[in-house]
Amino acid sequence: MLAIRKLAILCLALASMPLAAQTPAAKPAAEILPFDATEKTLPNGLKVIIVPTGFPNIVSLYINVQTGSRNEVEPGKSGFAHFFEHMMFRGTEKFPNEKYQEIMTKSGARTNANTWDDRTIYHMTFAKEDLETMLMVEADRFENLDYSVEDFKTEARAVLGEYNKNSANPISKLFEVQRDSAYDQHTYKHTTMGFLEDIEDMPNQFEYSKLFFDRWYRPEYTTIIVAGDVDAARAIPLVEKYWGGWERGSFKTEIPVEPAPKGPEYAHVPWETATLPWVSVGFHAPAFQGSEKEYAAMDTLLSLWFGPTSELYKKLVQQEQIVDTFGASYNPRIDPTLATIIARLKKPEDAVYVRDQILATVATARTTAVESDELADAISNARYQFVRGLDNTESIATVLAEFAQYERAYGTINRLYAAMISLTPADLQNVARTYLTDERMIVTTLSHQPLAEGIAQQPRLASFVPASSQSAGEEIRFITQKSVLPQINMKLQFDVGSAHDPAGKEGLARLAASMIAGAGSKSMRIDEINQALFPMAGTFGAQVDREMTTFTGRIHTDNWKSFLDIVLDQLMEPGLRAEDFQRLKDAQKNALVQDLRANNDEELGKERLQWMVFRGTPYGHPVVGTEAGIDAITIDDVRDFVTRHYSRGNLTVGLAGNAPDALVTHLRRELGTLPGGNTPSPTVAARAPQAVEVEIIDKSTRAVAISLGFPIAVTRSHPDFAALSVARAWLGEHRSSMSHLYKRIREVRGMNYGNYAYIEAFPGGMFTMTPNANVARRAQIFEIWIRPVVPENPHMALRIAIHELQKLVESGLTAEQFETAREYLMKNVYVLTSDQNRQIGYALDSEFYGIPEYTQFMRSALSKLTVDDVNRAVKKHLQWKNLFVVVIADDATGLKQALVSDQFSPIKYDAEKPAALLEEDQIIGARKLNIPASRVTITPVENVFAK
């Protein structure tokens, strides 16, 4: 009976089948269904298709009537095509329902029916010896259906019950409202069930039901498909015997033509009971009949841009995890129909964002052609799925019956298959430009709770056109810093990083970059590359962060041409050899398991703090990946990642030094052959801590490393960045004795090596004095890093850090402290950009953040600051009550007990200390952190970043 069904039409389209008239046709050289079909049209207009499938003993009889809800043209009379799907099982005078069911039972037959917009299909599968009986019984009910007024009214109530059942399904109601909004004149305005008011009135339409049946249940609208263990020479005479006397009808009608759409349209379905919200974006799309190539192009386009392998699916479902159901629906129809992208959201507040992500992808599909290999893969996938599903007679008959609604011809699928295999990327882009337009758009939503503001106002698609939609010859973004120095620094920065790792493949971005910079090209192995670069002292390396991958090349201006010939081949034509892949994959896993987890408690704590803040988001794993993620990566994953993300739209080139114009021209030409398109920026919603949340990593270690912090809204583009930088520098400048925390924890108390504060991510901080460029991020955290303390003092060290943070927030900086920190930063900014490589790196970061050149930007902002500006920013963005804390310790259980019990933290000194300090120790040691046991988690170190 009627249900919301999703046909694998893409698969069905790939049946390259032979066409025959009364005699079998010659088999084509390449065929998907290796059957000899026979076709015949009887004098009364009935079409017969016989398909011997080779499966023994079984026959499937499918009867397709070219009558669906499309034919319901009279106002107030919707739903009758589906109604007769029910009534046809009421029987005839010769074979009433009970007798009909008895025959089916004795035959061991499976029988059912379904209705859609353009057709109704009745089908049964049975033992081959019962073919004549089935043809006889079915012919009788199609010609002589008989039912009483009482039967009619009873079944009408059953149809209303089915409508009520379906109306309890949000998706059914959403599609019903979508169609009602999308169409004005055409009968696709109502679903197959019909309008509710018509269904409710159906018991009063007995006489009309007879008229409807008489009009449409006629041989000229019917196709009989007999498939299975069958011989055409026997089957066709049986059809003629029982169906040949069925009289042809004369009724014809004009289906209303839908006027040109004038969208965008919006409709909302308020749902009375609790349910997850839905967002759908539909477009008036081409019909199937007469437009097979456009249909094939649109269907394939939707699969590539919105299917389960698409970037948007990965982003919304797997990476951001804000959508749990996502896909596209586009079923073939006789007349222009709707292509719909639909998503079920986890939270109503994400509705506008998800809609806009869909629209942005639509805009990209209009401006960016898919790659030829992507298209080939889609066709290949569909072909093999089709073959895999055709393992029984019923499946084969289903394929044929679905396409019999058009021209009642066996060759329909052949034409669609021919259209499919002839598709080019330009064909897909053309249908996107023609049909995916604002005027053709219908946005429909459903929710129980209110949706995000702005959902009812539809933005224009043009507002989402990506900057990277340039043609192959369009300019790539270049940032140049000319100097007389003969050394050239080149940075190729792609806007993709570990935040774009697919779920379950964490570490892919880094491994992909390693395979470019640390493996060979197609023409040279890595040892040959190293040998070639040696005499010119050229280097080429990669750095991967959350949102960017930066390849840095350094070469003397004398050798730039030879250098680029080598390293650009690594990027444009990577070798991707199995031996390099395994070597670099092993090295990356060792970097995680050995270098980070086993050998570097301090960096491990900092990475784990990032995980606590960004858990469940694209930032929620280290750049290096996870154990399970690295293990799962294949060389094909690397190839796909490089192809998809190393594109022109993602690329910015930085050049510093004495780079000749010919070098720039060379880069533009070579890099201009990269694929088009860009990768959407990740959406990162940080998790705010509730009170103090602690994770203790249980590890055998001589010292205890501590990191604590919380998310902040400040990045370099924020108006408070300079002010917060002053407070951060005073509180805890990295590796500097001017740090207040350094003084209070190390210098005065001698508790550890160093204590610093950050408002920007600083990976690898224990190895460097100044932060690296090209780690720009859209989401940042405030962090305090307490470098290892002895096992007796972690509780006290944590209390001191929180105590000093509280004093900063509550009291702010003095005028003197402010001036000292500001003057330090005014000059330190020159240190940060002291060499050519850092200068071009910071220039790329400024491009990322949309700010001026960094030294100018910071000095200008710092010069305008007052102490009040700084203290106001501190109160706005910093706090001490709600913290994430990561501690790496040997006695995890003992430390948890100390934290939960809030026991006093004693501290012992080897030398005499001032009375004021000892008094302060008593106050801080007794400070209540109020951490309940439920907010302290102990994690064995071997489980950290395991998956």
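What you see is a predicted model, and the numbers here were worked out from it, not measured in a lab.

Let's shift gears to the packing of helix α10 (residues 292-306) against helix α15 (residues 412-421). With their axes 8 Å apart at the nearest point, α10 and α15 run at an angle of 55° to one another. Classified by the interaxial angle, the pair formed by α10 and α15 is oblique. Regarding α10 and α15, the two cross each other, and that crossing is right-handed. Within the contact between the two elements, α10 uses Glu 292, Lys 293, Tyr 295, Ala 296 and Thr 300 and α15 uses Arg 415, Leu 416, Ala 419 and Met 420. Considered class by class, the residues forming the contact of α10 with α15 number five nonpolar, one polar and three charged.

Summarising burial for strand β16 (residues 651-657): seven of the seven residues are buried, a large majority. Relative to β16, strand β12 (residues 477-482) is paired through six bridges, and the arrangement is parallel. Residue Lys 482 lies in a different strand from β16, and its bridge partner there is Gly 657. Bridge count for strand β13 (residues 487-494) against β16 is six bridges, and the pairing is antiparallel. In the strand pairing of β16, Phe 494 is matched with Leu 651.

Below, the discussion takes up the packing of helix α17 (residues 508-517) against helix α23 (residues 635-645). One way to put it is that α17 packs onto α23 with a least axis distance of 9 Å and a crossing angle of 85°. One element, α17, and the other, α23, form an angle in the roughly perpendicular class. For the pair formed by α17 and α23, the contact residues are Leu 508, Ala 509, Leu 511, Ala 512, Met 515 and Ile 516 on the first element and Asp 637, Val 638, Phe 641 and Val 642 on the second. Tallied by class, residues from the contact of α17 with α23 come to nine nonpolar, no polar and one charged.

The mixed open sheet is built from six strands, whose spatial order is β19-β20-β18-β21-β17-β22. Each edge of the sheet is formed by a strand with only one pairing partner; in this case those strands are β19 (755-758) and β22 (936-940). For this sheet, the mean angle separating the axes of adjacent strands, direction not counted, is 15°. Where strand β17 (residues 692-698) meets β22, five bridges bridge the pair, whose relative direction is parallel. Of the residues in β22, the one forming a bridge with Asp 698 is Pro 940. Helix α21 (residues 601-614) contacts β17, β18 (704-712), β20 (780-789), β21 (883-889) and β22 of the sheet and is inclined by roughly 150° relative to β20.

Let's shift gears to a negative patch on the surface. A grouping of Asp 698, Asp 890, Asp 891 and Glu 942 is seen on the molecular surface, where their side chains present a negatively charged patch. When its relative accessible area of 48% is taken as the criterion, Glu 942 is described as partly exposed.

So, about the pairing of strand β2 (residues 47-52). For β2, a buried count of five out of six residues is recorded, marking the element as mostly surrounded by other parts of the structure. As paired elements, strand β1 (residues 38-41) and β2 share four bridges and run antiparallel to each other. Note on β2: the bridge partner recorded for Thr 41 is Lys 47. Between β1 and β2, which pair antiparallel and follow one another directly, the connecting turn spans five residues, one of which, Gly 45, has a positive phi of 100°. Summarising the sheet, β2 and strand β6 (residues 222-228) pair through six bridges and their orientation is parallel. Following the sheet pairing, Ile 49 is matched in β6 by Ile 225.

Before going further, it helps to examine the environment of Thr 673. Mapped onto the secondary structure, Thr 673 falls in the loop between α24 (661-671) and β17. In this structure, the C-alpha to C-alpha distance between Thr 673 and Tyr 122, residues 551 residues apart in sequence, is 54 Å. Polar side-chain contacts of Thr 673 include one of 2.7 Å to the backbone oxygen of Glu 670.

To continue, consider the sheet that holds strand β10 (residues 337-345). Strand order in the open sheet formed by five strands is β7-β11-β8-β10-β9, with mixed pairing between adjacent strands. Lying at the two open borders of the sheet, with one neighbouring strand each, are β7 (265-270) and β9 (323-329). Neighbour to neighbour, the strand axes of the sheet diverge by 15° on average, direction disregarded. Where β7 meets strand β11 (residues 441-447), six bridges bridge the pair, whose relative direction is parallel. In the strand pairing of β11, Ala 267 is matched with Thr 444. Its contacts with the sheet put α10 on β9 and β10, and the angle it makes with β9 is roughly 160°. This element, helix α12 (residues 351-367), spans β8 (278-285), β9, β10 and β11 of the sheet and lies at about 30° to β8.

Procedures and definitions
Residues numbered from 1 in each chain as written. Predicted model: local features only at pLDDT ≥ 70, side-chain atom pairs only at ≥ 80, totals over all residues. Heavy atoms only, no water. Axes fitted to C-alpha atoms, helices over the stretch in contact; angles between N-to-C directions. Helix = DSSP H or I, 4+ residues; strand = E, 2+ residues; numbered from the N terminus. Parallel < 35°, antiparallel > 145°, perpendicular 65-115°, else oblique. Left-handed = near helix turned anticlockwise from the far one by under 90°. Contact = heavy atoms within 4.5 Å. Nonpolar A, V, L, I, M, F, W, Y, C, P; charged D, E, K, R; others polar. Buried < 20%, exposed > 50% of the residue type's maximum accessible area, 1.4 Å probe, protein only. Pairing = 2+ DSSP bridges. Patch = residues over 30% accessible without salt bridge, like charges linked within 9 Å, V, L, I, M, F, W, Y side chains within 5 Å. Areas by Shrake-Rupley, 256 points an atom, 1.4 Å probe, with all protein chains shown as cover. Salt bridge = Lys/Arg side-chain N within 4 Å of Asp/Glu carboxyl O. Lys, Arg positive; Asp, Glu negative; His and termini not counted. Charge placed at Lys NZ, Arg CZ, Asp CG, Glu CD. Polar contact = N/O pair within 3.5 Å; in protein donor to acceptor, adjacent residues only side chain to side chain.

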